[in-house]
Amino acid sequence: DSSTSSILSVQLANSATYVALPSTGGVILEMPKSPRFSENELTVPVSANTGGFPLGAWSGSLKYNTTVLRFDSFTTSTGYNSAAVGLERNSTEGIVSIVVAGATSSATLADLTGDEVILGYITFTINNVPVGTYNDVAALNVDSLVTIGGYTFLESFDAYVTDARGGSVTNAQLIVLDTNEIIGSYSIVSKTEIVNTAVLDTTRAIQETEIVGYAVYRNPDNYIKNGGDEVMQSVECSITSSSVLTVETGNLKINGVDGTQNACVAKIGKTNEAGAAAASVKLTSGDGAQFVVSSIRVWFPKVVSLEAQDKVLAPVEDVYYEDCSSVYQYTNISALATYGGSGLTDQDEVDITCMVDLYLNNTEGDAFSFRDGSTTIVETNGVGKATITLINSNLAVEPSVTISAISDPIGIESLRPVLVSRAEFTSEQFDSQTPSDLNADTYADVSVNMIQKLNRKGAQGAIVVYARFKDNKVNELSHLPGLTVSTGVRYNGLSIISTAGSDNTAAPYYGEIGDVKGGMEGYDVIQAKLLTTTCNGAVGGEDIIYGYGGVEAVIADLEYVNLTASASKLTFEGDLSTNAPMNIGSVANLELTGTYSDGDIQSFTSSATSQFLIKHPTGLDIYNNPTYVTNHSYARVSNDGVLTIFGSTDDTSITVMGIWTDEMKTAKVTIDIVKHMSTQTVMTPYPAFTGSSDIEKLSLNKIVCTSSYQRAILKSVATLTDGSVFDITSETSYTASDIFTLTQSSTSSEVIIAAAGSTTGNAAISSTFAESTIETTFALSDTPVTLTSVLFDEDIWDASTSFIGLVDATKSLDVHMYFNDGSQISNAVSSEEVQAVFNWEEVVKFDSTLPSIIEVSGSTATLK
């Protein structure tokens, strides 16, 4: 299959050359030498020629065009300490002051000396600007280069810039491309081969394939959803090379996004009467700028025939039904087709039986009909003729086949009973590949083996009896008065079960293996015998024919049984632990399995020969061993392995025994018994901080230097008898007394407890979980909690405790407070949660020892 799209032209040019830095030293700003896309990140390395000195520190000012670029960051190389960076910008120009003071302890003199020492990396983002070439987008003025000994060997110079122009320049140029520029297109076709089935049955859905066009962008990752190519919308569709298809636009949901005319849907229907090796569909974008042509292979059923396995059916000699009617042969009908088309190699005898509906017309008499439950097996109960045709087809030549039934009986040549225990599917492709490696275009040859083996006591296999007639045709024999199936005298371990009178008519008999020592194997394990029957249905004494069938029955040894439970712990019905979030159940499903010597594992749980018993809590037998029963004071177990704890107990576990009585093999499983032991409600600090959930408070105290009281978060936990603890706060409701108020957090499920006023003392909080209520006493106290330390919050300053920037640069000040009861408050100035508790200005005051350098007003510091 192929597709075509527009062609992209590429022009080659000489690469730029650059002037080297002076041997006395200098700095280079390495701008990109090729175009970049708008809204892309741009990383600019900064390197230096150190003039033979080990460079220990440097400073400078980076100017950039704010219309074209956005400054993101400056990161020093591994040889230098982090930089102090200050930023000032207006509508057209940004200025970044950079100070790098000192090398890292791991840097060597060799690392800091050379003609190309990496100083760091400037990161910009290119604004969404029009396509074009932009000059003077960035320049770096270096204030000084200083050795590790403190000697300033260069100062006040402009860094060289390398960009697409070459030479020696000090102002950067940047070429920006439109990221939304489309450079090509392609299509994805849901099915590259489709088969015309509509002409076989006009009621069937018309076969179709969907074609989606994709536009390829120069830089899709930053603009296209999901980082992929963009689906074309408002497309136009046309057929370019063949009339075997019709096409229309479609609206598909792609990657969860609804589309508008974003696909071409090519269809074949009953009016199409040809196939083609390459039917072409052209998809054109809505603006007409892009197109893609896709080829689709279309297969058409050129010739269809109906075949009968046996066209002449006869009564079976000396065999009658109980109503005196003759037993006739039957036949199978199949539909075959030759598929092809223009440019295609014909594919003959393709079985299409499952793709058509058959119609039977009795042309002489009315003896023929389809077997109940089948649309392809034709039976007769007398002489006559019938014609089989297709229903709802639209073929130019309608296929048919004629079947006749005659009165002359036909004898049976041979009889063969076959016992099949299962079907086994194998494939060399699947043996070498996992299914995930296969796709829609991968075909696998699969073979089916009918396994004639019984390997378990009680295992069954369906027994089908085949008769080969003297006209060499073969039929399955159903239940007949004179048909019997048995086993040879040497194989008394196999029981034959008739299915007569049951709804299961898949086979007339089943074979079930019993307790066979050493197994059985032979060609004559199963014996089928057909006797003559008279018109009144009585079985005569004359044998028509015998037949034998083989089976292998090698019984694997049951090595051991295993008992498992669906739950590792249980409680009794009605205990609080049955509620969320504990969700401990009172019922467990038991599973008894047996492992055989051939590795097979079978479930015995529902078998009539399985038994389940509970270890009695106190009962002992005459040998002083524990007794096992089906139920006792607080537990019971059913025959199908359902264990229920219905009563309270102090026992911490229960043991169940599973017994496979066929071989008296046993297994046990022990399940823990737990119950609710206690519920506790505590207070934890508010606002929360890392580790605050582990701090339990008994009182809310005044905050030092304020008239405000602390607040806390209510938390409830349930403890079970096995020591497990569950947070049940979200399932608990609370009520408070007069001195406390409760508030539901607007951002979480937390319940906040606070002072209702200034009345202090002790009061109870009621906590209700699953209709069980406890009361916990908490205190409201005027004894203040005091500050143990106050620290500036992290990330306020530029480096350590430095304030670096241009004149009038500002910093918002904030602190982290630590109290003597273990509680903490972060962002005490800016946090809305803290502001609701107390006014930070009552506790903290910011000041400057050098107001002429750093002026402080409220919580704002300004660089003067």
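Above this text is the structure in question.
Residues numbered from 1 in each chain as written. Predicted model: local features only at pLDDT ≥ 70, side-chain atom pairs only at ≥ 80, totals over all residues. Heavy atoms only, no water.

### Section: the pairing of strand S64 (residues 772–785)
- The pairing of strand S57 (residues 699–703) with S64 spans 4 bridges and is parallel. Bridge pairing in S64 places isoleucine 703 opposite valine 785.
- As paired strands, strand S63 (residues 761–769) and S64 are joined by 9 bridges and run antiparallel to one another. Across the sheet, threonine 768 pairs through a bridge with threonine 773, a residue of S64.
- Taking the residues between adjacent antiparallel strands as the criterion, S63 and S64 are bridged by 2 residues, where alanine 770 takes a positive phi near 50°. (Pairing = 2+ DSSP bridges. Helix = DSSP H or I, 4+ residues; strand = E, 2+ residues; numbered from the N terminus.)

### Digging into empty space enclosed by the protein
- Across all of its chains, the model carries 1 cavity of 30 Å³ or more by this definition.
- For the largest cavity, the lining is made up of 13 residues, of which Tyr686, Gln710, Arg711, Ser823 and Ile825 are closest to its centre.
- Those elements giving two or more residues to the lining of the largest cavity turn out to be strand S56 (676–686) and strand S68 (824–825).
- Classifying every residue of the lining of the largest cavity by side-chain character gives 8 nonpolar, 3 polar and 2 charged. (1 Å grid on protein atoms, 1.4 Å probe; cavity = no way out; pocket = protein on both sides within 12 Å on 5 of 7 lines; lining within 4 Å. Points joined across faces, edges and corners; volume = space filled by probe spheres on them. Nonpolar A, V, L, I, M, F, W, Y, C, P; charged D, E, K, R; others polar.)

### Concerning the packing of aromatic side chains
- If you walk through the whole model with that rule in mind, you get 11 aromatic pairs.
- Taken together, a centroid distance of 5.6 Å and an interplanar angle of 50° make the contact between tryptophan 840 and phenylalanine 846 tilted.
- One aromatic cluster in this structure is built from Phe53, Tyr151 and Phe153.
- Looking at lysine 282, its charged tip hangs above the ring of phenylalanine 291, at a distance of 4.9 Å from the centre.
- The ring of tyrosine 330 has arginine 371 sitting right over it, with the charged end atom 4.5 Å from the ring centre. (Phe/Tyr/Trp six-rings, centres within 6.5 Å; stacked < 30°, edge-to-face > 60°. Lys NZ or Arg CZ within 6 Å of the ring centre and 35° of its normal.)

### Some thoughts on the pattern of salt bridges
- Tallying each qualifying case throughout the model produces 12 salt bridges.
- The salt bridge involving glutamate 248 is made with lysine 267; its shortest N-O contact spans 3.1 Å. Separated by 19 residues along the polypeptide, glutamate 248 in strand S19 (residues 246–250) and lysine 267 in strand S22 (residues 263–268) bring together distant segments of the chain.
- Where lysine 302 meets aspartate 346, a salt bridge forms, and the shortest distance between an N and an O atom there is 3.1 Å. Separated by 44 residues along the polypeptide, lysine 302 in strand S24 (residues 291–308) and aspartate 346 in the loop between strand S28 (331–340) and strand S29 (347–351) bring together distant segments of the chain.
- The partly exposed category is assigned to aspartate 346, whose relative accessible area is 34%.
- Put simply, Glu208, Glu248 and Lys267 are held in one network by salt bridges that share partners. (Salt bridge = Lys/Arg side-chain N within 4 Å of Asp/Glu carboxyl O. Buried < 20%, exposed > 50% of the residue type's maximum accessible area, 1.4 Å probe, protein only.)

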